[in-house]
Amino acid sequence: SDIGSQKERVVTEEEWLQKWEMGNIGFHKEQGHPLLQKYLDVLLNGRSGLRIFFPLCGKAVEMKWLADMGHSVVGVEVSEQAIKEFFSEHSLPYCEEPVPEISGAKMFQSTSGNISLYCCSIYDLSSSIVGKFDGVWDRGALVAVNPCDRQRYASLMISLVEKNSSYLLVTVSYDPNKHKGPPFYVPESEVQSLFG
Ligand code: SAH
């Protein structure tokens, strides 16, 4: 599990915005992720009306699924295009407003109020701005974070969850010398050291 070749790699926010502009979004799953269906019970643990966080959310359709089940969904995404596509592709009316605590950030909220997507970097968020969450769906998030930022990302995520929360994490296993990522290879041992 030598991740040496990916350690120094950096994908800038600008590059992510370009991927969205070019429609270079092979990571987007139109049908949603089968692993969320499979582990939904683990995420919910018999609870209803949860606050669920989608870090680096893109336009993940699972946000709509969980909102339709009665949960309240919060996401963060640097691409405004992704956020607008999410609402328009699900025909959801929304409003947008500035986020006073974060300069330049906007919050897009479904008119029904149960989906709030922050357009800014995840590193701009804190629990004083978004509160704490009962559940996290981390797919295409930890594995999309630049390897040099993983510790910062994990510490932030830990600060955003309630004591009795569930965190579903999807990683991908492959030979990091054969692909440059993202998604980056995050070995199990690193998941252990980041999240304990
Ligand atoms: N989780 C989504 C998207 C995965 S791709 C899914 O499952 O489909 C990673 C996403 O993170 C991209 O849409 C990219 O624009 C966004 N992103 C990258 N760096 C970010 C950052 N620092 N803060 C917020 N979003 C970011």
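Above this text sits the structure in question.
Right, let's walk through the structure included here. (Residues numbered from 1 in each chain as written. Predicted model: local features only at pLDDT ≥ 70, side-chain atom pairs only at ≥ 80, totals over all residues. Heavy atoms only, no water.)

A look at the packing of aromatic side chains
Condition: Any two rings among Phe, Tyr and Trp, with Trp reduced to its six-membered ring, count as a pair given centres within 6.5 Å; such a pair is stacked if its planes are under 30 degrees apart, edge-to-face if over 60, and tilted if neither. Buried residues are those whose accessible area, probed at 1.4 Å on protein chains only, stays under 20% of the maximum for their type, while exposed residues exceed 50% and partly exposed ones sit between those limits. Numbering goes from the N terminus for both helices and strands, where a helix is a DSSP run of H or I of at least four residues and a strand is a run of E of at least two. By definition here, charges over rings are those cases where NZ of Lys or CZ of Arg is within 6 Å of the ring centre and within 35 degrees of the ring normal.
Evaluated as defined, the whole model comprises 8 aromatic pairs. Here the aromatic rings of phenylalanine 86 and phenylalanine 87 are separated by 5.3 Å at their centres, their planes lie at 75 degrees, and the arrangement is edge-to-face. Here the two residues phenylalanine 86 and phenylalanine 87 agree in accessibility, since each one is buried. Arranged with centres 5.9 Å apart and planes meeting at 50 degrees, the rings of tyrosine 94 and phenylalanine 108 form a pair that is tilted. Linking tyrosine 94 in strand S3 (residues 94–98) with phenylalanine 108 in strand S4 (residues 106–110), this pair joins segments that are 14 residues apart in sequence. Classification of tyrosine 94 by relative accessible area gives partly exposed; the value is 31%. Connected via pairs of aromatic rings, a cluster forms that spans Phe86, Phe87, Tyr94 and Phe108. Sitting over the ring of tryptophan 16, lysine 19 keeps its end group 5.4 Å from the ring centre.

Brief notes about the pattern of salt bridges
Threshold: Think of a salt bridge as a Lys or Arg side-chain nitrogen and an Asp or Glu carboxyl oxygen that are within 4 Å of each other.
With the rule as written, the count across this model stands at 8 salt bridges. For glutamate 85, the salt bridge goes to lysine 59, with nearest N and O atoms at 3.0 Å. Of this pair, glutamate 85 sits in helix H4 (residues 80–89) while lysine 59 sits in the loop between strand S1 (51–54) and helix H3 (62–68), placing them 26 residues apart in sequence. Note on lysine 59: relative accessible area 8%, which makes it buried. Taken together, the shared-partner salt bridges connect Glu80, Lys84, Glu96 and Lys106 into one network.

Section: the environment of lysine 84
What counts is decided by this rule: Note on contacts: a residue pair is in contact if any heavy atoms of the two residues lie within 4.5 Å.
Position of lysine 84 relative to the elements: it lies in helix H4. Separated by 25 residues in sequence, lysine 84 and lysine 59 have C-alpha atoms that sit 8.5 Å apart. For lysine 84, the residues in contact, after removing those within four places along its chain, are Tyr94, Glu96 and Phe108.

Observations regarding helix H6 (residues 150–159)
The test is simple: The arc under discussion is defined with respect to the helix axis, by the directions toward the C-beta atoms.
Residues of H6 that are buried: Arg150, Tyr153, Ala154, Leu156 and Met157. Seen from one end, H6 has its buried residues packed into an arc of 160 degrees, which puts them on one side. Those residues of H6 that are buried are in contact with S1, strand S6 (133–139), strand S7 (161–170) and helix H7 (188–195).

Things to note about the nonpolar core
For clarity, the cut-off: Side-chain atoms within 4.5 Å are what join buried Ala, Val, Leu, Ile, Met, Phe, Trp, Tyr and Cys residues into a set we call a nonpolar core.
Counting 28 residues, the largest nonpolar core has Phe53, Tyr118 and Leu125 as the members making the most contacts within it. Listing elements by their share of this core, those giving two or more residues are strand S2 (72–77), helix H5 (127–130), S6, H6 and H7. Here the element with the most residues in this core is H6; it accounts for 4 residues. Not counting residues within four places of it along the chain, the set of residues in contact with tyrosine 118 comprises Val74, Gly75, Val76, Glu77, Ile83, Val99, Lys106, Met107, Leu125, Ile129 and Val130.

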